[in-house]
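# Coordinate inspection notes
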Amino acid sequence: MRILHKCAPFALGIILSGCGTSPSFLNPASSIAEHEAKLYNNILIMALVVFVFVEICLIWVLIRDRKLKGDDTLPQQIYGNTKLEITWTAIPVLVAVVLFAMTVQTMKSVAAPAASATDINLHVIGHRWWWEFDYTDLRIKTANELHIPVGATVQITLDSVDVIHSFWVPQLSGKTDVVPGQTNRMWLTADQTGNFFGQCAEFCGTEHAMMRINVVVDSQDRFDAWVANQQKPVPQPQTEDEQAGYKLVSTLCASCHSLNPGETETKVGPNIAHLFSRSTFAGATYDLNEENLRSWLHDTQPMKPENDMNLKLTPQEIDELVAYLLLLK
Ligand code: CUA
């Protein structure tokens, strides 16, 4: 009974992972995830049929050939029965062939479509521990939060500046490794608007778990408005605090963070030209609001240990930085 108690939440988790807003490929929002889910379900059904058949045979044999009191005769021996051996070799071979055919069919269905002029080209760069998104044609750079229009084909190239990461948004696509020194490719098309959660899927160090992805699938109009806003240059500081903050950002922060939305260079930290247009920061792990930003500027290490940002700022510098950063919508 105690083991049942221990297992119940675990089993419930597995059952619930298939429904609701769970970020699982079994809850698909794209043709790729749909094909993956179909293959998974077909294999699951086949495995269940085999499991039930084998268990019934096993129980039947155990009952039929159980040893009765005082009966020392052996059950019927079937060693060397050619017919039986051919049957139990042929059936698994047939099952394997069907699995192979279904897998090849699924691989064909999720193959990248030919590039077209209307595609969105996206360069994904993995960093320890955040994602850089470079919309090469639109001259936009952002981090961790990816905006794409519903229905558009997104052609993605992936690179890493340090170690191997893996880009994975289960409801939209399969995993693709992000390997230093090698450019990998993938594609995706989202079939519905909404927010889709993703995660680095290759262990890449201490903060691997805090290397998340937030994909916002917008209508075309909303996406166009987002693009227009992202392309705008940063606003000029007005108040005294904002001016002091701007000065700090341009000197202290500029070596790692760019204020240029169309920056082509890959920097150490995320592009912050439109920082407050995002809902999260630090690898999409904290809500982006003034309070969290203040804690972050005070000391980033308790919030995300071993990340590259390690500044000792005075309370006044934090006030000034926050005053300016809040303008970056
Ligand atoms: Cu990046 Cu795990």
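To keep things clear, this report deals only with the structure shown in the data block. (Residues numbered from 1 in each chain as written. Predicted model: local features only at pLDDT ≥ 70, side-chain atom pairs only at ≥ 80, totals over all residues. Heavy atoms only, no water.)

### Here's the deal with the pairing of strand β2 (residues 130-135)
Consecutive side chains of a regular strand alternate in pointing toward one face of the sheet and then the other. Rules: Type-normalised accessible area, obtained with a 1.4 Å probe on protein chains alone, sets the label of each residue: buried when under 20%, exposed when over 50%, and partly exposed for intermediate values. Here a helix means four or more residues in a row that DSSP labels H or I, a strand means two or more in a row labelled E, and each is numbered from the N terminus. Here, strands pair whenever DSSP counts at least two bridges between them.
The buried fraction of β2 is high, at six of six residues. With six bridges connecting them, strand β1 (residues 120-127) and β2 associate as antiparallel partners. Within β2, the residue paired with Leu122 across the bridge is Tyr135. Where β1 folds back on β2, the antiparallel hairpin that results is connected by two residues. One ladder, built from four bridges, connects β2 with strand β3 (residues 140-143); its direction is antiparallel. Its bridge partner being in β3, Phe133 is matched across the sheet by Thr142. From the end of β2 to the start of β3, which pair antiparallel, there are four residues, and Arg139 there has a positive phi angle of about 55°.

### A short note on the packing of aromatic side chains
The criterion, for reference: Within 6.5 Å between ring centres, the rings of Phe, Tyr and Trp (the latter by its six-membered ring) count as paired, and their orientation is classed by plane angle as stacked under 30 degrees, edge-to-face over 60, tilted in between. Only when the NZ atom of a Lys or the CZ atom of an Arg is both within 6 Å of the ring centre and within 35 degrees of the ring normal do we say a charge sits over the ring.
Taken as a whole and assessed by the stated rule, the structure comprises eight aromatic pairs. Their ring planes at 85° and their centres at 6.3 Å tell us that Phe133 and Phe167 sit as a pair that is edge-to-face. Of this pair, Phe133 sits in strand β2 while Phe167 sits in strand β6 (residues 165-167); the two residues are 34 residues apart in sequence, bridging distant segments of the chain. Overall, the relative accessible area of 0% leaves Phe167 in the buried class. Between Phe281 and Trp296 the ring centres are 5.5 Å apart and the planes differ by 90°, which places this aromatic pair in the edge-to-face class. Of the two residues, Phe281 is situated in strand β11 (residues 280-281) and Trp296 in helix α6 (residues 290-298); the sequence distance between them amounts to 15 residues. When sorted by exposure, Phe281 lands in the same class as Trp296, which is buried. Ring pairs connect the aromatic residues Trp131, Phe133 and Phe167, which therefore count as one cluster. In this structure, Arg64 packs its charged tip against the face of Trp60, placed 4.9 Å from the ring centre. Looking at Lys175, its charged tip hangs above the ring of Trp168, at a distance of 4.5 Å from the centre.

### As for the pattern of salt bridges
Condition: What counts as a salt bridge is simple: a side-chain nitrogen of Lys or Arg found within 4 Å of a carboxyl oxygen of Asp or Glu.
Applying the stated criterion to the full structure yields five salt bridges. One salt bridge connects Glu290 with Arg294, and the closest N-O pair in it is separated by 3.2 Å. Here Glu290 pairs with Arg294, and both are found in helix α6, just four residues apart, close to one helical turn. Taking the shortest distance from any N to any O, the salt bridge between Arg294 and Asp319 comes out at 2.7 Å.

### Some words on helix α3 (residues 82-109)
Going by this rule: Under the convention used throughout, the expected extent of a helix is 1.5 Å for every residue step, that is, one less than its residue count. Any N or O atom pair separated by 3.5 Å or less is treated as a polar contact, with the protein-specific requirement of one donor-capable and one acceptor-capable atom, and with residues adjacent in sequence counted only for side-chain atom pairs.
The terminal C-alpha atoms of α3 lie 41 Å apart, and with 28 residues this matches the ideal 40 Å at 1.5 Å per residue to within 8%. Regarding α3, its N-cap is Asn81, as a side-chain oxygen of that residue lies 3.3 Å from the backbone nitrogen of Lys83 further along.

### Description of empty space enclosed by the protein
The rolling of a water-molecule-sized probe over the atoms marks out the regions of remaining empty space. Where we set the bar: In this analysis a 1.4 Å probe is tested at points of a 1 Å grid over the protein atoms alone, and where it fits but cannot get out there is a cavity; an open set with protein on both sides within 12 Å along at least five of seven lines is a pocket; lining residues have an atom within 4 Å of a point. Grid points are joined across faces, edges and corners, and a volume is the space filled by probe spheres set on the points. Residue polarity follows a fixed list, in which Ala, Val, Leu, Ile, Met, Phe, Trp, Tyr, Cys and Pro are nonpolar, Asp, Glu, Lys and Arg are charged, and the others, Gly among them, are polar.
Scanning the model with the defined rule gives one cavity of 30 Å³ or more in all. Surrounding the largest cavity, Glu132, Lys141, Ser258, Glu263, Glu265, Lys267, Gly269, Pro270 and Asn271 form its lining. Residue composition of the lining of the largest cavity, by class: one nonpolar, three polar and five charged.

### As for the environment of Val124
What counts, and what does not: Only heavy atoms enter the contact rule, under which two residues are in contact if any of them lie within 4.5 Å.
Its location among the elements puts Val124 in strand β1. Not counting the four nearest positions on each side in its chain, Val124 is found in contact with Trp131, Glu132, Phe133, Ile156, Thr157, Leu158, Asp159 and Phe167.

### What to know about the packing of α6 against helix α7 (residues 315-325)
For the record, the criterion: The convention used is that axes are lines fitted to C-alpha atoms, helices contributing only their stretch in contact, and that angles between N-to-C directions extend from 0 to 180 degrees. Roughly parallel means an angle under 35 degrees; roughly antiparallel, over 145; roughly perpendicular, 65 to 115; everything else is oblique. By definition, turning the near helix anticlockwise from the far helix through less than a right angle yields a left-handed crossing, and turning it clockwise yields a right-handed one.
Here α6 crosses α7 at 135°, and the two axes come no closer than 10 Å. Between α6 and α7, the interaxial angle falls into the category oblique. By crossing handedness, the relation of α6 to α7 is classed as right-handed. From α6, Glu290, Leu293, Arg294, Leu297 and His298 reach across to α7, where they touch Ile318, Asp319, Leu321, Val322 and Leu325. Split by residue class, the contact of α6 with α7 holds six nonpolar, one polar and three charged.

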